[in-house]
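# Close look at the chain arrangement
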Amino acid sequence: MQIEKIKGHQTDQLFKAVLELKDLDECYKFFDDLCTMSEIQSLAQRFEVAHLLRLKKTYETIKNETGASTATISRVRRCFDYGNDTYDEMLGRLYPDEQPFDASRK
């Protein structure tokens, strides 16, 4: 969606550093130095919103479970629906046995 707007040396450097992280503990330490607690929580919340959207949860359920605003849920929904498909790809890697809810299987 906005990749061309963020591409550049600084962003490349950041993403390359993320790719060099070796484990969860190292990741926690890196992001603790890099971001505020609020920024980390916002990123984590968005990813959980994407997870719940993938499972076809309602906005109301997502709002109640995550505390995310409807504006945040809508933004994640737009990226989930019209973005680069990476929410679904990453969630599929994290939860390979999880089947996104399909209402047609009722």
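Parameters and conventions
- Residues numbered from 1 in each chain as written.
- Predicted model: local features only at pLDDT ≥ 70, side-chain atom pairs only at ≥ 80, totals over all residues.
- Heavy atoms only, no water.
- Helix = DSSP H or I, 4+ residues; strand = E, 2+ residues; numbered from the N terminus.
- Buried < 20%, exposed > 50% of the residue type's maximum accessible area, 1.4 Å probe, protein only.
- Contact = heavy atoms within 4.5 Å.
- Areas by Shrake-Rupley, 256 points an atom, 1.4 Å probe, with all protein chains shown as cover.
- Lys, Arg positive; Asp, Glu negative; His and termini not counted.
- Charge placed at Lys NZ, Arg CZ, Asp CG, Glu CD.
- Salt bridge = Lys/Arg side-chain N within 4 Å of Asp/Glu carboxyl O.
- Polar contact = N/O pair within 3.5 Å; in protein donor to acceptor, adjacent residues only side chain to side chain.
- Core = buried A, V, L, I, M, F, W, Y, C linked by side-chain atoms within 4.5 Å.
- Axes fitted to C-alpha atoms, helices over the stretch in contact; angles between N-to-C directions.
- Parallel < 35°, antiparallel > 145°, perpendicular 65-115°, else oblique.
- Left-handed = near helix turned anticlockwise from the far one by under 90°.

In the nomenclature of an unreviewed UniProt entry, the protein corresponds to YerC/YecD family TrpR-related protein from the organism Kurthia gibsonii.

## A look at the overall build of the protein
Check the secondary structure of the protein and you find 7 helices and 0 strands. Reading the protein from its N terminus to its C terminus gives the helix and strand order α-α-α-α-α-α-α. For the protein, the C-alpha atoms occupy an extent of roughly 45 × 30 × 25 Å along the three principal directions. The buried share among the 106 residues of the protein stands at 16%. Within the protein, counting contacts between residues at least 6 apart in sequence, those at least 24 apart form 49% of the total. Accessible area for the protein stands at about 8300 Å²; split by element, carbon and sulfur atoms hold 53% of it. Of the charged side chains in the protein, 16 are positive and 19 negative; the average position of the first set lies 6 Å away from that of the second.

## With respect to the pattern of salt bridges
One pass over the full model with this rule turns up 6 salt bridges. Lys29 is paired through a salt bridge with Asp25; the nearest N and O atoms lie 3.2 Å apart. Residue Lys29 and its partner Asp25 are located together in helix H3 (residues 24–34), separated by 4 residues, close to a single helical turn. Each of Arg54, Asp88 and Glu98 takes part in salt bridges that share partners, so that together they form one network.

## What to know about the side chain of His51
Within the secondary structure layout, His51 lies in helix H4 (residues 37–54). Engagement of the side chain of His51 in a polar contact is seen with the side chain of Glu98, the distance being 3.0 Å. In this structure, His51 is in contact with Leu91, Tyr95 and Glu98, ignoring residues within four places of it in sequence.

## Some words on the nonpolar core
Note on soluble globular proteins: their nonpolar side chains tend to be buried together. With 12 residues, the main nonpolar core is built from Val49, Ala50, Leu52, Leu53, Ile62, Ala68, Ile73, Val76, Cys79, Phe80, Tyr87 and Leu91. Those elements that provide at least two residues to this core are H4, helix H6 (70–82) and helix H7 (86–94). Those residues within four positions of Tyr87 in sequence are excluded, and the remaining contacts are Arg46, Phe47, Ala50, Val76, Cys79 and Phe80.

## Things to note about the packing of H4 against H6
One way to put it is that H4 packs onto H6 with a least axis distance of 9 Å and a crossing angle of 65°. Accordingly, the angle class assigned to the pair H4 and H6 is roughly perpendicular. Where H4 crosses over H6, the two elements pack in a sense that is right-handed. Counted together, Gln45, Arg46, Val49, Ala50, Leu53 and Arg54 of H4 and Thr72, Ile73, Val76, Arg77 and Phe80 of H6 form the full contact between these two elements.

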